[in-house]
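# Inside the fold
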Amino acid sequence: MDVLIEQNITRDPLHHWTVAEMAQLVQLGMTAFSDRMKMETGLSPINFLIKIRITIAMNLMAHFNYKIGDIAYETGFYSPQHFSLTFKKMTGISPHKYRKTYYNEK
């Protein structure tokens, strides 16, 4: 189930995904979907969505020299500030520090 959701989010990270849309993809009601997602991944559907967006952003930062703000918008965050706060909360480091560590190693 989580693979199907991940594939769809990765294909269109800019889409404003809702729990209802994700549940519909796997043909479950919202409550059943939320419970199953939590059981399978340890994350709520929204946190799973954020994790995928952060993973996409990490890949972009590690391999391309795009501006952090552009990456924020390209991965579905509504502002670079929101992206930076969420990124740091999820990874423990800022996007700029992540980029400096991983992109500059090449």
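This structure is a prediction, so every number in the text was calculated from the model and none was measured.

## Some remarks on the packing of aromatic side chains
Counted by the stated rule, this structure contains 4 aromatic pairs. Taking the centre distance of 5.2 Å and the plane angle of 65 degrees together, the rings of phenylalanine 77 and phenylalanine 83 count as edge-to-face. Exposure remark for phenylalanine 77: the relative accessible area of 5% places this residue in the buried category. You can call phenylalanine 83 buried: its relative accessible area is 0%. Between phenylalanine 83 and phenylalanine 87, the aromatic rings sit 5.6 Å apart at their centres with planes inclined by 55 degrees, giving tilted as the arrangement. With a gap of 4 residues between them, phenylalanine 83 and phenylalanine 87 both fall in helix H6 (residues 80-91), about one helical turn apart. Put simply, the rings of Phe77, Phe83, Phe87 and Tyr98 pair up and form one aromatic cluster.

## Points about unusual backbone geometry
Phi angles above zero are rare outside glycine, and glutamine 27 is one such case at about 55 degrees. Position of glutamine 27 among the secondary structure elements: in the loop between helix H2 (19-25) and helix H3 (30-41). Of the residues examined, glutamine 27 reaches a relative accessible area of 73% and is grouped as exposed.

## Description of the nonpolar core
Ranked by internal contacts, the top residues of the largest apolar core, which has 27 residues, are Ile5, Ile9, Met22, Phe33, Met61 and Phe83. Those elements that place two or more of their residues in this core are helix H1 (2-11), H2, H3, helix H4 (45-63), helix H5 (68-74) and H6. For this core, the element with the most residues is H4, which contributes 10 residues.

## Some points on the environment of methionine 30
Mapping methionine 30 onto the fold places it in helix H3. A sequence separation of 36 residues divides methionine 30 from tyrosine 66, and the C-alpha atoms of the two residues are 36 Å apart. Discounting residues that sit within four places of it in the chain, methionine 30 has contacts with Val19, Ala20 and Ala23.

## Here's the deal with H1
Listed in full, the buried residues belonging to H1 are Ile5, Asn8 and Ile9. The buried residues of H1 occupy one face: seen down the axis, they fall within an arc of 95 degrees. For H1, the exposed residues lying more than 90 degrees away from the buried face are Val3 and Arg11. Residues of H1 that are buried sit in contact with H2, H3 and H4.

## Details of the side chain of arginine 99
Residue position: arginine 99 is located in helix H7 (residues 95-102). Lacking a salt bridge, the buried arginine 99 has aspartate 70 as its closest oppositely charged neighbour, with an N-O distance of 8.7 Å. Separated by 2.6 Å, the side chain of arginine 99 and the backbone oxygen of tyrosine 66 make a polar contact.

Definitions and limits used
For every chain, the first residue of the written sequence is number 1, and numbering continues from 1 onward in sequence order. The predicted origin of the model limits local features to residues at a pLDDT of at least 70 and limits the giving and counting of side-chain atom pairs to 80 or more, whereas totals for whole chains, interfaces and linings rest on all residues. With hydrogens and water excluded, all non-hydrogen atoms of the structure serve as input to the side-chain values. Two aromatic rings, drawn from Phe, Tyr or Trp (for Trp, its six-membered ring), form a pair once their centres lie within 6.5 Å of each other, and the interplanar angle then sorts them: stacked below 30 degrees, edge-to-face above 60, tilted otherwise. Buried, partly exposed and exposed residues are distinguished by accessible area as a fraction of the type maximum, computed with a 1.4 Å probe on protein chains only: under 20%, between the cut-offs, and over 50%, respectively. Working definition: helices are DSSP H or I runs of at least four residues, strands are E runs of at least two. Numbering for both runs from the N terminus. By nonpolar core we mean a set of buried residues, namely Ala, Val, Leu, Ile, Met, Phe, Trp, Tyr and Cys, connected to one another through side-chain atoms within 4.5 Å. It only takes one pair of heavy atoms within 4.5 Å for two residues to be counted as in contact. It is the directions from the helix axis to the C-beta atoms that the arc portrays. Counting rule applied: Lys, Arg positive; Asp, Glu negative; His and chain ends not counted. The salt bridge criterion pairs a side-chain nitrogen of Lys or Arg with a carboxyl oxygen of Asp or Glu, the two atoms within 4 Å. Any pair of nitrogen or oxygen atoms within 3.5 Å is treated as a polar contact; in protein, a donor-acceptor pairing is required on top of that, and neighbouring residues in sequence qualify only through side-chain atoms on both sides.

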